[in-house]
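So you can see what is in the structure, the chains are spelled out below.
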Amino acid sequence: MTAALLAAAAGLGLGLSLIVAIGAQNAFVLRQGLRLEHVAGVVVVCLLSDAVLIVAGTAGAGALVTRAPDVLTVVCFAGAAFLLVYGVLAARRALRPAALVTEAAGRRAGLVATLTTALALTWLNPHVYLDTVVLLGSLAGTYGERRWWFAGGAALGSALWFTGLGFGARLLRPVFARPTAWRVLDAVIAAVMVSLAVSLAVRGVTGG
């Protein structure tokens, strides 16, 4: 295997290790996949957003962000507010069975609203910046002229994960044919969102 492919493989492995975790993006993509609702659009938004951030980090934005902590502080508070609202909405869905629709023929959210939520969960989440711009960008720089191979591998890992999560979620639809399963999922999503909101608010107060 050539040095370039080794760099790409390293980027792929690290990218997957960072993204395969319970978080705002993954929870939203999973829910959309289970509902068969605007899955392709959500997947494209998430993978393209990650790719843009990885490219920005590899191009040197990671060093800039580390020198401008006020930027991350603002994003922390904005992200905390958004995640808190989303968590409250998920908790309300869990407490109100009438809002738990599992059939494709049920009430669907609009495409624009869905994609806007996907964008907000990505771009208002400081953890995404820390993972893609700062961490992956910094590590890519250690590969010198092969840094773009590393970045390409990381972006590929993101694309593979979101595609698999979004379109593979439908395999779990039999499990979620009952409102009880949706209650549990939305309760977990609410807990994740609120905990992330709290952690971001604390990060914003302490400055990191």
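**Student:** Sorry if this is basic, but what is going on with the overall build of the protein here?
**Tutor:** The helix and strand inventory of the protein stands at eight helices and zero strands. A burial count over the protein gives 41% of its 208 residues as buried. Sequence-distant contacts, at least 24 apart, represent 90% of the contacts inside the protein between residues at least 6 apart. Just so you have it, the protein exposes about 10,100 Å², and 73% of that area is on carbon and sulfur atoms.

**Student:** Would you take a moment to explain the nonpolar core for this structure?
**Tutor:** Buried together is how nonpolar side chains tend to be arranged in soluble globular proteins. By size, the foremost hydrophobic cluster in this structure holds 29 residues, and its most contacted members are L83, F162, I189 and M193. Counting residues per element, the ones that place at least two in this core are helix 2 (24-35), helix 3 (39-66), helix 4 (69-95), helix 5 (111-123), helix 7 (147-168) and helix 8 (179-206). When residues no more than four places from it in sequence are discounted, the contact partners of I189 are A27, R31, Y86 and A90. Grouped together as the second largest cluster of nonpolar side chains are seven residues, I54, A140, A151 and A154 included.

**Student:** Explanation requested: unusual backbone geometry in the structure shown.
**Tutor:** Only a minority of non-glycine residues have a phi that is not negative, and only a minority of peptide bonds are not trans. Look at L36: it is not a glycine, yet its phi comes out positive at around 55 degrees. On the secondary structure map, L36 appears in the loop between helix 2 and helix 3. We classify L36 as partly exposed; its relative accessible area is 29%. Despite not being glycine, H38 shows a phi value in the positive range, around 50 degrees. Here H38 shows up in the loop between helix 2 and helix 3.

**Student:** I keep staring at the packing of helix 2 against helix 7 and nothing clicks. Help me out?
**Tutor:** Relative orientation and spacing of two packed helices are given, respectively, by the angle between their axes and the distance between those axes. The N-to-C vectors of helix 2 and helix 7 enclose an angle of 40 degrees; their axes lie 7 Å apart at closest approach. Classified by the angle their axes make, helix 2 and helix 7 are oblique. Residue-level inspection shows Q25, N26, V29, L30 and G33 of helix 2 in contact with helix 7, the latter providing W161, F162, L165 and G166. Here the contact of helix 2 with helix 7 is composed, by residue class, of five nonpolar, four polar and no charged.

**Student:** Which parts of the structure should I look at to understand the environment of R31?
**Tutor:** Residue position: R31 is located in helix 2. Its relative accessible area of 6% is what places R31 among the buried residues.

**Student:** Even after reading the chapter, I still don't get the layout of surface pockets, so can you show me in this structure?
**Tutor:** The space that makes up the second largest pocket amounts to roughly 340 Å³. Forming the walls of the second largest pocket are 20 residues, and the residues nearest its centre are L18, I19, Q25, V128 and D131. Of all the secondary-structure elements, those providing two or more residues to the lining of the second largest pocket are helix 1 (3-19), helix 2, helix 3, helix 6 (126-141) and helix 7. Ranked by residue count, the leading element in the lining of the second largest pocket is helix 6, at five residues. For the lining of the second largest pocket, a count of residues per class yields 10 nonpolar, eight polar and two charged.

**Student:** Explain helix 7 here, please?
**Tutor:** Given 3.6 residues per helical turn, the α-helix brings residues three or four places apart onto the same face. Taking 1.5 Å per residue as the helical rise, helix 7 with its 22 residues ought to reach 32 Å, and the 31 Å between its terminal C-alpha atoms agrees with that figure. Residues of helix 7 that are buried: F150, A151, G153, A154, G157, S158, F162, L165 and G166.

**Student:** Would you take a moment to explain a nonpolar patch on the surface for this structure?
**Tutor:** A surface patch of nonpolar side chains, amounting to about 390 Å² of accessible area, comprises L84, V88, V194, V198 and V202. Listing elements by their share of the nonpolar patch, those giving two or more residues are helix 4 and helix 8. In this structure, V194 sits in helix 8. Among the residues examined, V194 registers a relative accessible area of 32% and is labelled partly exposed.

How each quantity is defined
Residues numbered from 1 in each chain as written. Predicted model: local features only at pLDDT ≥ 70, side-chain atom pairs only at ≥ 80, totals over all residues. Heavy atoms only, no water. Helix = DSSP H or I, 4+ residues; strand = E, 2+ residues; numbered from the N terminus. Buried < 20%, exposed > 50% of the residue type's maximum accessible area, 1.4 Å probe, protein only. Contact = heavy atoms within 4.5 Å. Areas by Shrake-Rupley, 256 points an atom, 1.4 Å probe, with all protein chains shown as cover. Core = buried A, V, L, I, M, F, W, Y, C linked by side-chain atoms within 4.5 Å. Axes fitted to C-alpha atoms, helices over the stretch in contact; angles between N-to-C directions. Parallel < 35°, antiparallel > 145°, perpendicular 65-115°, else oblique. Nonpolar A, V, L, I, M, F, W, Y, C, P; charged D, E, K, R; others polar. 1 Å grid on protein atoms, 1.4 Å probe; cavity = no way out; pocket = protein on both sides within 12 Å on 5 of 7 lines; lining within 4 Å. Points joined across faces, edges and corners; volume = space filled by probe spheres on them. Expected span 1.5 Å × (residues − 1). Patch = residues over 30% accessible without salt bridge, like charges linked within 9 Å, V, L, I, M, F, W, Y side chains within 5 Å. Salt bridge = Lys/Arg side-chain N within 4 Å of Asp/Glu carboxyl O.

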